[in-house]
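Architecture and fold: a report
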Amino acid sequence: MKKFMIILVSILLASSAEALPSRYDLRENGYITSVRNQGIPGPCWAFAALGSMESSYLVQHLNTDKKKPDLSEMQLAFYTYKGPNPEKNFTPRHSSGTLSLEGNSFKAIAFLSRLAGPTDEKILPYTTTIAYEQRQALAKKAPESYKRTMRLHDAYFLSGQTTIPVEKRKELIMKHGAIAVSIYSDIFKYKIKGKYFTYFNNSEGTKTDHEVLLAGWDDNFPRDRFSPKPSQNGAWLVKNSWGTMRGHNGGYFWTPYEQFMKGGTAFIAAKNNSRLKHYGYDDLGFCSSVNYSWGANVFKISSKREQLKEAAFYTPSNNSSYEVYVYSLGKKVPSSPVSGKLLSSVKGVKEFAGYHTIELPERLLLLNEGEYFSVVLKLSGGFMPVETRFDNYSENARVNEKESYFSRDGKTWTDGIKINANPCIKAFTELF
């Protein structure tokens with residue numbers, strides 16, 4: 001029996017390896033959009049996040065009109081820091097210009113997960129220069145007022161290269177599209193050898209400063225094409241955001257598997273639903289974690305009638321198990337997030353750390369205007385992702401009484417205002 005199991009495992013591993021080709025290029029299948037030009041240092045994170053979403057949209061064949069999406073980096077980069085509601089704005093590190101401010105995947109997810117975007121490039125075109133009057137006018141307009149093109153459904157966090165195998169990144173690219181990763185980019189270390197544009201630089205250790213997209217790979221890409229030479233053949237195909245004039249192959253370059261990459265995020269897109277409504281208190285997203293296994297948010301229905309559709313949350317580690325419970329709490333301010341009638345529950349495991357949207361199993365969860373309901377989350381591992389205040393990052397985070405709760409046993413609850421944090425738990429309803 002033991003010998004049979006060893007043979008079976010070997011067969012499964014072999015078939016998994018055979019499923020991955022030695023070479024893959026998203027461009028050849030039309031699963032990636034054209035190279036853009038950020039023009040100035042800073043907003044590469046917005047180009048990488050939206051480029052990953054565009055690619056995900058194409059891989060899933062959600063473009064039923066056969067047109068390739070073109071999302072507005074301007075909307076994401078600008079409204080991450082500027083907007084009419086201060087509690088939804090991250091803290092700028094500099095006072096001069098908004099687009100030149102650095103960002104990251106966490107900020108992009110915070111913005112996109114609350115249905116603030118993305119909108120289409122034609123609606124809000126990207127520009128590197130914004131006049132003072134234009135900047136003031138944009139800042140008075142809510143990002144939610146722009147027509148949404150698609151929505152963020154999930155975002156998978158990839159930890160350091162030592163814990164995420166090359167094969168797993170490949171699987172994600174084939175299944176979900178381009179992956180946003182961070183590297184250290186030194187313009188003097190890019191090399192041209194024949195028709196190939198290459199980059200290899202690990203001299204900065206674990207420091208990174210530029211977001212790009214993994215768009216494919218070639219296991220047999222010769223190491224001799226790099227300077228310095230890596231120890232083995234094989235390389236990633238990388239989509240940059242410096243326009244088509246930077247590098248051969250229209251703005252792409254090759255980097256070896258040995259190139260240090262910090263983290264990485266696969267942004268998973270979904271078709272837009274204009275009737276969808278967001279409930280959540282974590283406008284600034286996943287800022288930290290607190291030592292509680294349970295978190296809950298209490299929401300109040302603000303339209304005549306709404307149907308509960310989905311819940312969303314973050315998991316702080318890979319292979320996290322979760323339990324989600326939805327309660328109807330009546331029309332009075334509840335004393336506890338679990339004091340009402342249980343409407344729905346769902347359990348599962350998420351392979352990757354990240355942001356996740358799940359469907360609620362009962363499809364006719366109807367609530368009327370003025371009624372309270374709660375979304376309760378239990379996570380394995382003992383830590384709950386939260387929005388909280390941090391200097392030079394999320395000072396605008398706002399915590400109100402009787403909205404957010406935490407618990408270690410699911411029975412005794414502590415108001416979030418005492419912890420100065422909101423659990424990252426959302427609900428999505430549809431106007432009925």
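Residues numbered from 1 in each chain as written. Predicted model: local features only at pLDDT ≥ 70, side-chain atom pairs only at ≥ 80, totals over all residues. Heavy atoms only, no water.

Structural notes on the layout of surface pockets
The volume enclosed by the largest pocket comes to roughly 930 Å³. Breaking the lining of the largest pocket down by element, the ones donating at least two residues are α2 (44–59), α4 (105–113), β3 (179–183), β6 (210–218) and β9 (262–271). It is β9 that contributes the most residues to the lining of the largest pocket, four residues altogether. Residue composition of the lining of the largest pocket, grouped by class: 13 nonpolar, 19 polar and seven charged. Of the voids in this model, the second largest pocket is the one considered here, and its volume is about 390 Å³. Contributing to the lining of the second largest pocket are 15 residues, with Tyr57, Asp65, Pro69, Asp120 and Thr149 lying nearest its centre. A class-by-class count of the residues in the lining of the second largest pocket yields three nonpolar, three polar and nine charged. (1 Å grid on protein atoms, 1.4 Å probe; cavity = no way out; pocket = protein on both sides within 12 Å on 5 of 7 lines; lining within 4 Å. Points joined across faces, edges and corners; volume = space filled by probe spheres on them. Helix = DSSP H or I, 4+ residues; strand = E, 2+ residues; numbered from the N terminus. Nonpolar A, V, L, I, M, F, W, Y, C, P; charged D, E, K, R; others polar.)

What to know about the sheet that holds strand β22 (residues 421–423)
Read across the sheet, three strands follow the order β11-β19-β22 without closing on themselves; strand pairing throughout is antiparallel. The open sheet has two edge strands with one neighbour each: β11 (288–290) and β22. The mean angle between the axes of side-by-side strands here comes to 50°, regardless of whether they run parallel or antiparallel. (Pairing = 2+ DSSP bridges. Axes fitted to C-alpha atoms, helices over the stretch in contact; angles between N-to-C directions.)

Concerning helix α6 (residues 166–176)
All buried positions along α6 are accounted for by Val166, Arg169, Lys170, Leu172, Ile173 and His176. Looking straight down α6, one finds that the buried residues subtend no more than 165° of arc, so they occupy a single side. Trailing α6 by a residue or two, Gly177 shows a phi angle of about 105°, which is positive. (Buried < 20%, exposed > 50% of the residue type's maximum accessible area, 1.4 Å probe, protein only. Arc of directions from axis to C-beta.)

Regarding the state of the cysteines
Applying the stated criterion to the full structure yields zero disulfides. Residue Cys424 stays outside any disulfide, its sulfur separated by 6.8 Å from that of Cys287, the closest cysteine. Classification of Cys424 by relative accessible area gives buried; the value is 2%. (Disulfide = S-S within 2.5 Å.)

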